Amino acid sequence: MFQSTIDFILDLGPSVMLPIIMTIFGLLLKQGFNKSFRAGITIGIGFVGINLVIGLLTTSLSPATEAMVERFNLNLSILDVGWPVGAAISFGTTLAPVMIPIIIVFNLILVALNWTKTINVDIWNFWHLIFSTSLVYIATDNAFLSIAIGLIVTGITLKLADWTAPVVEHHFGLKGVSLAHSESVNFAPITYALNKIQDMIPGLNKLHADPETLRKRFGVFGEPLVMGLLLGLLIGILGEYNIQGILTLGIQMAAVLILLPRMVALLMEGLIPISEGTRDFVTKRFPGKEVYIGLDAAVVIGNPANMAVALLMVPITLVLAVILPWNEMLPFADLAVLPFTVIWAVAASKGNIIRGLINSIITVMIVLFIATNIAELTTKMGEAVGFAMPESSSLISGIDVGSHILVFILYNLLDPTSPLFITAIIFGVIYALLWYWVRNDIKKQYAKELGIDKKTLK
């Protein structure tokens, strides 16, 4: 019964369950039924719109990337099977049904103890947190250790979401929201450190090309719809499409860059009253306390600079897969999720496409290393839940799966005999030092822009 209930909720998806959750949330915040119900339905419609546009992105890019793979005769031993398979495998493992309520209760406890400000309502992306639990369980067969690792990843992810919340407000324009999307936000300390290093490099620190600058300098050719068109045409040409296919892909990518921000604006229309109600409720009952609503990173991927860099990274990722000596994975199904992968690579530079592209290349280099090294365990997880292995490959992984830095570090620290044990220690130390180094950078960045003291910036 418990498993059936969990499956029923997950199968409804965010477009159905979020309106219900947000309506109840609004009523608890004493926003009234009419206001709460309207906000909930508007949020649901926004998610439907976002998913439709992401669906267009996926169905448009997948054939193009397949064509590029065939054209350049790429042949690597590990197949990128895509995030839906990663989610299905994670939710299909033994501990998944137990972890969902554990994560919810753990999150509420951390909020009550002031460890985090984020209440993560993005239940459908709990699979990223459950992935860590499932991976360790497959490797160790130790349920308690696996749950502990899952909760450690959850706690760190919530802290990262708190830390980056000012970016979500001041760069992406979503007030009162944070992004507890573990496989994307765990790159923030690295990309902010890269941005800090770039500030010190003469010449590079003067280069700036965000969509607004491009629009002023190049007129219509600097606008997001034309950037999307040109990038779509480029990908179509690289895939050796015919003229009809090239033009169609160009228009589809232009549509993605224009429609995604508008769908996010619709979602935000519903989210604003809930966010304001949350702030008023918390301010009255808990003076000085602040709470963020944790949402899917899909609500910010439509940023024009983010999408421009993500589309540029499609062919670049295939090139990196071939030339990097440590990579054995053929990027394929997850190339369409690069807008999620590079969010913090671009946001760290405040939308500077040049720096964002440099940060994204380094991000993908790390992703390919991790994806290759956890492919064997990911394959075992797939076999344990009955995933039908593709005939073309004996090992599976993915760009999204390889984006889990925290899981990679913690898992390899469990086994001193692992050939990656020392690597994990080095990764962990560097990661912690980078985060400490840039811990105040976000507040400094936006306090300077807003002309206020960083101590007063929420």
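Residues numbered from 1 in each chain as written. Predicted model: local features only at pLDDT ≥ 70, side-chain atom pairs only at ≥ 80, totals over all residues. Heavy atoms only, no water.

1. Side note on the overall build of the protein chain
Inference 1: Check the secondary structure of the protein chain and you find 20 helices and six strands.
Inference 2: Against the globule reference of 23 Å for 458 residues, the protein chain gives a C-alpha radius of gyration of 21 Å, in line with a compact fold.
Inference 3: By its C-alpha atoms, the protein chain is 60 × 60 × 45 Å across when sized along the principal axes.
Inference 4: In the protein chain, which comprises 458 residues, the share counted as buried stands at 55%.
Inference 5: In the protein chain, once contacts between residues fewer than 6 apart in sequence are set aside, the share between residues at least 24 apart is 79%.
Inference 6: Between the mean site of the 27 positive side-chain charges and the mean site of the 30 negative ones, the protein chain shows a separation of 17 Å. (Helix = DSSP H or I, 4+ residues; strand = E, 2+ residues; numbered from the N terminus. Rg over C-alpha atoms; globule rule 2.2 N^0.38 Å. Buried < 20%, exposed > 50% of the residue type's maximum accessible area, 1.4 Å probe, protein only. Contact = heavy atoms within 4.5 Å. Lys, Arg positive; Asp, Glu negative; His and termini not counted. Charge placed at Lys NZ, Arg CZ, Asp CG, Glu CD.)

2. Topic: the side chain of N352
Inference 1: Looking at where N352 falls in the secondary structure, it is placed in the loop between α15 (343-347) and α16 (353-373).
Inference 2: By relative accessible area, which is 2% here, N352 ends up buried.
Inference 3: Of the polar contacts made by the side chain of N352, one reaches the backbone nitrogen of I354; its length is 3.1 Å.
Inference 4: Residues contacting N352, with those up to four places away along its chain left out, are L207, H208, A209, D210 and V346. (Polar contact = N/O pair within 3.5 Å; in protein donor to acceptor, adjacent residues only side chain to side chain.)

3. Details of the nonpolar core
The tendency in soluble globular proteins is for nonpolar side chains to be buried side by side.
Inference 1: Grouped together as the largest cluster of nonpolar side chains are 130 residues, with contacts concentrated most on M22, Y192, L271, L295, V299 and W344.
Inference 2: Residue contacts for L271: discarding those within four places in its chain leaves M22, I43, V177, I293 and L295. (Core = buried A, V, L, I, M, F, W, Y, C linked by side-chain atoms within 4.5 Å.)

4. Details of the confidence of the model for the protein chain
Inference 1: In the predicted model, the protein chain carries a mean pLDDT of 85, and 93% of its residues have values of at least 70.
Inference 2: For the protein chain, helix α1 (residues 2-12) is the element with the lowest average pLDDT, namely 68, and helix α9 (residues 188-199) is the one with the highest, namely 96. (pLDDT = per-residue confidence, 0-100.)

5. Here's the deal with the sheet that holds strand β3 (residues 177-178)
Sheet strands pair by backbone hydrogen bonding; their relative direction is either parallel or antiparallel.
Inference 1: Within the open sheet, the three strands sit side by side as β2-β4-β3. Their pairing is parallel. Either end of the sheet is taken by a strand with one partner, and the two such strands are β2 (118-120) and β3.
Inference 2: Pairing between β2 and strand β4 (residues 292-294): three bridges, direction parallel. Counted as the bridge partner of T118 is Y292 from β4. (Pairing = 2+ DSSP bridges.)

6. A word on the packing of aromatic side chains
Inference 1: Throughout the structure, instances matching the rule amount to nine aromatic pairs.
Inference 2: Seen from their ring centres, W163 and W435 are 6.1 Å apart, and the 50 degrees between their planes marks the pair as tilted. Here W435 lies in helix α19 (residues 421-437) and W163 lies in helix α7 (residues 143-170), a separation of 272 residues in the sequence.
Inference 3: Relative to W344, the ring of F172 has its centre 6.4 Å away and its plane inclined at 90 degrees; by these criteria the two rings are edge-to-face. Residue F172 is located in the loop between α7 and β3, and its partner W344 is located in helix α15; the two are separated by 172 residues in the primary sequence. (Phe/Tyr/Trp six-rings, centres within 6.5 Å; stacked < 30°, edge-to-face > 60°.)

7. Digging into the packing of helix α4 (residues 83-92) against helix α6 (residues 127-140)
Inference 1: For the pair α4 and α6, interaxial distance at closest approach is 9 Å and the crossing angle is 60 degrees. Classed by the angle they form, the pair α4 and α6 counts as oblique. Considering how the two elements wind past one another, α4 and α6 form a crossing that is left-handed. From α4, W83, G86, A87, S90 and F91 reach across to α6, where they touch W127, I130, F131 and S134.
Inference 2: For the contact of α4 with α6, the per-class residue count stands at six nonpolar, three polar and no charged. (Axes fitted to C-alpha atoms, helices over the stretch in contact; angles between N-to-C directions. Parallel < 35°, antiparallel > 145°, perpendicular 65-115°, else oblique. Left-handed = near helix turned anticlockwise from the far one by under 90°. Nonpolar A, V, L, I, M, F, W, Y, C, P; charged D, E, K, R; others polar.)

8. Digging into unusual backbone geometry
Inference 1: Although it is not a glycine, N114 sits at a positive phi angle of roughly 65 degrees.
Inference 2: Turning to its location among the elements, N114 is positioned in the loop between α5 (96-112) and β2.
Inference 3: Of note in this structure, E240 is not a glycine but carries a positive phi near 55 degrees.
Inference 4: Residue placement: E240 occurs in the loop between α11 (224-238) and α12 (243-285).
Inference 5: Assessed through its relative accessible area of 56%, E240 is described here as exposed.

9. Observations regarding the pattern of salt bridges
Where charged atoms from two side chains of opposite charge approach closely, those side chains can pair.
Inference 1: Evaluated as defined, the whole model comprises five salt bridges.
Inference 2: Among the ionic pairs, R71 bridges to E240, the shortest N-O distance being 3.6 Å. With a gap of 169 residues between them, R71 in helix α3 (residues 33-71) and E240 in the loop between α11 and α12 connect regions that are remote in the sequence.
Inference 3: You can call R71 partly exposed: its relative accessible area is 38%. (Salt bridge = Lys/Arg side-chain N within 4 Å of Asp/Glu carboxyl O.)

10. Topic: α3
Inference 1: Counted at 1.5 Å a residue, the expected span for α3 with its 39 residues is 57 Å, and the 57 Å between its end C-alpha atoms agrees.
Inference 2: Downstream of α3 by a residue or two, N73 has a phi angle that is positive, lying close to 50 degrees. (Expected span 1.5 Å × (residues − 1).)

11. Looking at the packing of α7 against helix α18 (residues 405-413)
Inference 1: The contact between α7 and α18 brings their axes to 10 Å, and the two run at 140 degrees. Taken together, the axes of α7 and α18 lie oblique to each other. In the crossing of α7 with α18, the sense of the turn from one axis to the other is right-handed. Across from I149, I152, V153, I156 and T157 in α7, the residues of α18 making contact are L406, V407 and L410.
Inference 2: Split by residue class, the contact of α7 with α18 holds seven nonpolar, one polar and no charged.

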